[in-house]
Amino acid sequence: MRGVSVYIEGQKLDLFDDEQISVQSTQQNVQDISKVFTDFSQSFSVPATPNNNQIFNHFYQNDVSQTLDQNIRRSAFIEIDLTTFREGQISLEKSEVKDNEPYSYQVTFYGNLTSLKDKFGKDKLEGLTFLNSLAHTYSGAEVLTRITDAATNHKVRYPLIFSRNVTYGDGGSTDIKPSTGSGEIAFNELFPAIKLISILAAITSKYGVAFQGTFLGAKRFTNAFLYCKNANEFVFNTPPTLADITALTTSSQNNNTSLAASDFFSIANDTLTISQYNPETTFPDQPASLSGGIFTLTEHRINFNVQNVSDASAIYYIDVYQDGQLVQTLEGTGGGQQQGLNIQNSQLNTSRTYQFFVRTTVGMTLDFFVEYVQRSKYNFTNLLGLDDLVTLKNIFQAESSYNISAEISVLNYVPDMTVESFFSGMLKMFNLTCYPLAIDIYQIEPLDDWYAKGALVDITQYTDIKSIQVERIKLFKNILFNYQESESATNKIFKDLTNREYGNTDELFDYDGGEFNVELPFENMMMQKFTDTNLQIGETIDTSGNAYTPKPMILYMYDQLSADYKFNNGGSTSQTVYMPFGQDVLEANINFTLNFNADISTLLNAVVPNTLFSTYYSGYLSNLYNLKNRETKVKTNLPVSLLTNLELNDRVIIRDKRFMINSMSSNLTTGDVDFTLLNDFRDVISDGVNKPIDPIEPSDGAQCIDVRVLLPNGAVSAAITTTATGVTITPSSLTADGSVNVCIPANTDLLKMIVTEDATKNINSENFFQLRTEQGEDAIYILTVTYTYADGTTTANQIQIQQQP
């Protein structure tokens, strides 16, 4: 038997001598390819010793004053023979009492990934107040800059997506072509979009977590934006500005003169904190004639008063946050008092802390007052023997003055979506796996990258080869990859023609399995590009011609293109460049699309083969659906050193076969591990056979490229070298996953395109590929990546840069 120790928040639990602790581990499961899993244990019992009673706060005795909320999981870790096995959280399930004495507690261990879902709860994107830090001056010039500027890393952009019909070259009022139309794009009709990486930063700020991974720095991710449209028409709102409490007032008419506004309002924290009160003591100053009555209504009120408004026609909004969550928004114009919240005293089982934010439709000044009222109705018998009623009150007030500038924050326009739905949808979109590296630190990377980093581990000598079960993998007959249905007229037309939603696909297999649906919580609106132009736009218009509010929508920003259009940034101007938004992004001269299906790109007028399915899902599924693949179940007994270091993406070798781990069940006390394995036919970085990965294909000019380098499990460093002339690599070594900057010279062996006789247009094939002569050769640069492991051994792989002529 092995020495197993379990710690909760640094305190060691006492364990039963004969208790078996079994942990189930899986990261990606063949039966649910769209989910990321984590470790969990079968519930196990620990004795009710004095030490454990203290750790669990005598849970069995509910009249003991509780300082811990047992509904919340607590940080924990498991050791085997003093070596850390897993970090995660412990959940207390129940306690058992025998003969009126506490006997045991039943607990369950969960991996750290579950803490993310616990942290997110039901919070919505609008609660990510860090996004207010991205506020910027709202003007026609600033919006135009964020449409056209290719040099600046703007975290907030303005896609050319309209809530109306827009035409080009027809000479009408909606025509935005400078030479023919009287229409124009108005800066104040466009909704913003925010980078996904900025939303992750906001999640990091709110929940105290950190995300890392080289994919998060790749253009395929950094050029992805969440389109922020939560209404049919755009209305400018300033960022929510916190009420900066500067003065407090206590009413001289209060029933209880011993209470002051400072007992509830905090000038330092700009908060109001309220809790349940006893009316007998809160309203003590009752004349003798009122004694003997009863309190029939006891409540709290929070009222708001806006005064000295500099623009009486402007709309202001008061956002009320309770314990960090938005609970109410009030709207008004001019000055006047509004009642915000009315709370029954009996509902306040725990104290509540409030903060108040104001946003407006123009830059303006105003004075803002928050009034907190404790109020009770007291029924009694008066001196005449008649039933009577008196209202008792305590009133406290906080004051704040505002000078609100004309800035815009994307937070006012984010879609109605939970943080958990956004995060899980993002993982599904790019088939990302997310796993903890330490408490509150998470690695995010595409599933194929994670699998590629697995080490090769031979477990033959630890395997019970007398009993191995080989089964047919229960595969799906049909795997659907779907976006949410769009109301866009262009999408409806596409569906009428093709009998499917734009960008969706399904993979059919000749098997007798069921159907599996990988469904994103996002809409995939089909864009439109005007004929003989580079100008692509979108319209949130339904088939009846009415504007609609789309479901949450993720868009790619493409590289800057030339296009002529008329724009009103306070005055009518003609513009010649813009940053297109849609399904396409160009990374290292390769086009990628947000479509699952290889549809014709509306921007490029060509099929883009690098779809979400082909790029992020097909590798795993191709291995899974290989005719040689089987599901193999084996029993092993692993030494502590192997059990505590084995990663779920490692490939295990049994005799002459190599397997992926679908799941493993580890008995920590005996070392017995039951594996469910899948045959593995894919390359891994650590196989050390110098197999090149898919080449990087930059354009012909001299340039510097960021090249991602992944380290396999167990590697401590990677050295990147090349024998190519004129190529520099910075840095030339890494100690963790990262990127190196590779600078290459221009390719002088250029191809020549076939053009029309007047040399004005390229000649294309029927498949939209440009025709060229036989001139021009690729320039090939080979980077050798040598990995060094802790024991001093090395392996190597190659990265190929194939520069286009």
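Here, every reference points to the structure presented above.
The rules behind the values
- Here, residues in each chain are numbered from 1, in the same order as that chain's written sequence.
- Reporting of local features is limited, given that this is a predicted model, to residues whose pLDDT is at least 70; pairs of side-chain atoms are given and counted only at 80 or more, and all residues count toward the totals for whole chains, interfaces and linings.
- Excluded from the side-chain calculation are hydrogens and water; included are all heavy atoms of the structure.
- The way it works is that DSSP assigns letters per residue, a run of H or I at least four long becomes a helix, a run of E at least two long becomes a strand, and they are numbered from the N terminus.
- Any pair of N or O atoms that falls within 3.5 Å is considered a polar contact. Within protein, one atom must be able to donate a hydrogen and the other to accept it, and sequence-neighbouring residues count only if both atoms are side-chain atoms.
- Residue contacts follow a heavy-atom distance rule, with two residues in contact if any of their heavy atoms lie within 4.5 Å.
- Salt bridge, as used here, is a side-chain nitrogen of Lys or Arg placed within 4 Å of a carboxyl oxygen of Asp or Glu.
- Burial status follows relative accessibility: with a 1.4 Å probe on protein chains alone, a residue under 20% of its type maximum counts as buried, one over 50% as exposed, and anything between as partly exposed.
- If DSSP finds at least two bridges between two strands, the strands pair.
- Cysteine sulfurs are considered disulfide-paired once they come within 2.5 Å of each other.

1. Here's the deal with the side chain of T360
Mapped onto the elements, T360 comes out in strand β24 (residues 352-360). A polar contact is formed between the side chain of T360 and the backbone oxygen of V362, at a distance of 2.5 Å. Once residues within four sequence positions are removed from consideration, T360 is found in contact with F236, N237, T238, I315, Y316, L366 and I404.

2. Some thoughts on the pattern of salt bridges
Taken as a whole and assessed by the stated rule, the structure comprises 24 salt bridges. For D559, the salt bridge identified is with K219, shortest N-O distance 2.7 Å. Placement of the pair is D559 in the loop between β37 (553-557) and β38 (561-568) and K219 in helix α5 (residues 219-222), with a sequence separation of 340 residues. With a relative accessible area of 28%, D559 lands in the partly exposed category. The partly exposed category is assigned to K219, whose relative accessible area is 26%. Where E445 meets K453, a salt bridge forms, and the shortest distance between an N and an O atom there is 3.1 Å. Each member of the pair E445 and K453 is classed as buried.

3. A short note on the sheet that holds strand β35 (residues 528-529)
Taking strand neighbours across the sheet as the criterion, the 3 strands line up as β11-β36-β35 in an open arrangement whose pairing is mixed. The two strands at the open ends of the sheet, each matched to only one other strand, are β11 (161-162) and β35. For β35 and strand β36 (residues 536-539), the ladder comprises 2 bridges, and the chain directions are antiparallel. Residue pairing in the sheet places K529 in a bridge with Q536 of β36.

4. Focus on the state of the cysteines
Inspection of the entire model under this criterion finds 1 disulfide. Residue pairing for C704: its cysteine sulfur links by disulfide to C743, the two sulfurs lying 2.0 Å apart. One disulfide, between C704 and C743, carries an S-S torsion of 100° and so falls in the right-handed class. Pair noted here: C704 is in strand β47 (residues 703-709) and C743 is in strand β51 (residues 738-744), with a separation of 39 residues, a long-range link.

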